[in-house]
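A structural walkthrough
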Amino acid sequence: DAKTTQPPSMDCAEGRAANLPCNHSTISGNEYVYWYRQIHSQGPQYIIHGLKNNETNEMASLIITEDRKSSTLILPHATLRDTAVYYCIVDTNAGKSTFGDGTTLTVKP
Amino acid sequence: NAGVTQTPKFRILKIGQSMTLQCAQDMNHNYMYWYRQDPGMGLKLIYYSVGAGITDKGEVPNGYNVSRSTTEDFPLRLELAAPSQTSVYFCASTLPPGTTFSFGSGTRLTVV
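These remarks concern the structure in this document. Keep in mind it's a predicted model, so treat the numbers as computed, not measured. Chains are numbered independently. Their residues run from 1 in the order of the written sequence. Here the convention is simple: chains get letters from A, ligands get numbers from 1, in the order in which they are written. Where local features are concerned, this predicted model is filtered to residues with pLDDT of at least 70; where side-chain atom pairs are given and counted, the filter is 80 or more; whole-chain, interface and lining totals use all residues. No hydrogens and no water enter the side-chain calculation; it runs on all heavy atoms of the structure.

**Concerning the overall build of chain A**
The helix and strand tally for chain A stands at 0 helices and 9 strands. For 109 residues, the compact-globule estimate of 2.2 N^0.38 gives 13 Å, and the C-alpha radius of gyration of chain A, at 13 Å, lies within 12% of that figure. Principal-axis analysis of the C-alpha atoms gives chain A an extent of 40 × 30 × 20 Å. A simple rule labels every residue: compare its accessible area, found with a 1.4 Å probe on the protein chains alone, to the largest value its type can have, and call it buried under 20%, exposed over 50%, or partly exposed in between. Relative to its 109 residues, chain A shows a buried fraction of 44%. We count a stretch as a helix when DSSP gives it H or I for four or more residues in a row; a strand needs E for two or more, and each element gets its number in order from the N terminus. With the radius of gyration taken over C-alpha atoms, the globule rule is written as 2.2 Å times the number of residues to the power 0.38.

**A closer look at the state of the cysteines**
All names here are of chain B. Any two cysteine sulfur atoms lying within 2.5 Å of each other are counted as a disulfide. Evaluation of the coordinates by the stated rule reveals 2 disulfides over all chains. A sulfur-sulfur distance of 1.8 Å marks the disulfide that ties C23 to C91. An S-S torsion of about -70° defines the bridge between C23 and C91 as left-handed. One end of the pair, C23, is in strand β3 (residues 19-25); the other, C91, is in strand β9 (residues 87-94), with 68 residues separating them in the sequence.

**Overview of the pairing of strand β5 (residues 43-51) of chain B**
Residues and elements named next belong to chain B. Among the 9 residues in β5, 7 count as buried, and that is most of the element. Strands qualify as paired when DSSP identifies two bridges or more between them. In this structure, strand β4 (residues 31-37) lies alongside β5, joined through 6 bridges in antiparallel fashion. Across the sheet, the residue bridging to Y33 is Y48, located in β5. Connecting β4 to the antiparallel partner β5 that follows it, the hairpin turn spans 5 residues, and G40 within it adopts a positive phi of roughly 75°. Taken together, the 3 bridges between β5 and strand β6 (residues 54-57) define a ladder with antiparallel strand orientation. Within the sheet, the bridge partner assigned to G51 lies in β6 and is I54. The loop that links β5 with its antiparallel partner β6 comprises 2 residues; one of these, G53, has a positive phi angle of about 85°.

**Here's the deal with the sheet that holds strand β4 (residues 45-50) of chain A**
Residue and element names in this part refer to chain A. Across the sheet, which stays open at both edges, the 5 strands sit in the order β1-β9-β8-β3-β4 with mixed pairing between neighbours. Taken across any chain shown, the strands that pair with only one partner, and hence form the sheet edges, are β1 (9-13) and β4. Taking each pair of neighbouring strands and ignoring which way they run, the sheet shows an average axis angle of 25°. Pairing analysis gives 6 bridges linking strand β3 (residues 33-38) to strand β8 (residues 84-90), with the strands arranged antiparallel. Counted as the bridge partner of Y34 is I89 from β8. The axes are straight lines fitted to the C-alpha atoms, using for helices just the contacting stretch, and the angles between their N-to-C directions are given from 0 to 180°.

Pasting the structure below:
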């Protein structure tokens, strides 16, 4: 299974862009990169996913490097409500999806 | 659609007791998962299932059992509860890869 590596914590000023990195150097060609976030003790919430191309939706943008070994989640204008734990996972196609410890993003006023 | 429903939301068990955490989904998802989350930590995969009648171990299966007799239900059984099983348990479901997880709201279990 492809593993991901994320920094344990990051800070961001309110209104600025938050850029959260993820390394997935062992990713296979047919595996997607997914991002989720977890606020307080709620169940994780889907943010965005991609295979090769950069993706954007109403919540965030996902930038995947050309070699697909890393990606960056971008929250363009972070708010205090974006303070959460962000998880980057790689879908294994075999059903066994592991989450890891994620990055705790703290948005500060 | 109710999505993924977990019951109970809270439970206190005594050491050695047993219980079943219930998980049901109404989205006709093939894949279902059980994760546990200890305080301040990430999610650890306990068991997963890719369809009715098929289950497999995740990262931390010891002390747990699962069954998948229907597409909708994926109960998690704790036998002989131990304090180390104090955690928040999340159930999730998805269609085959390429689609996104839907999570339940969690079951907070304390073993004393």
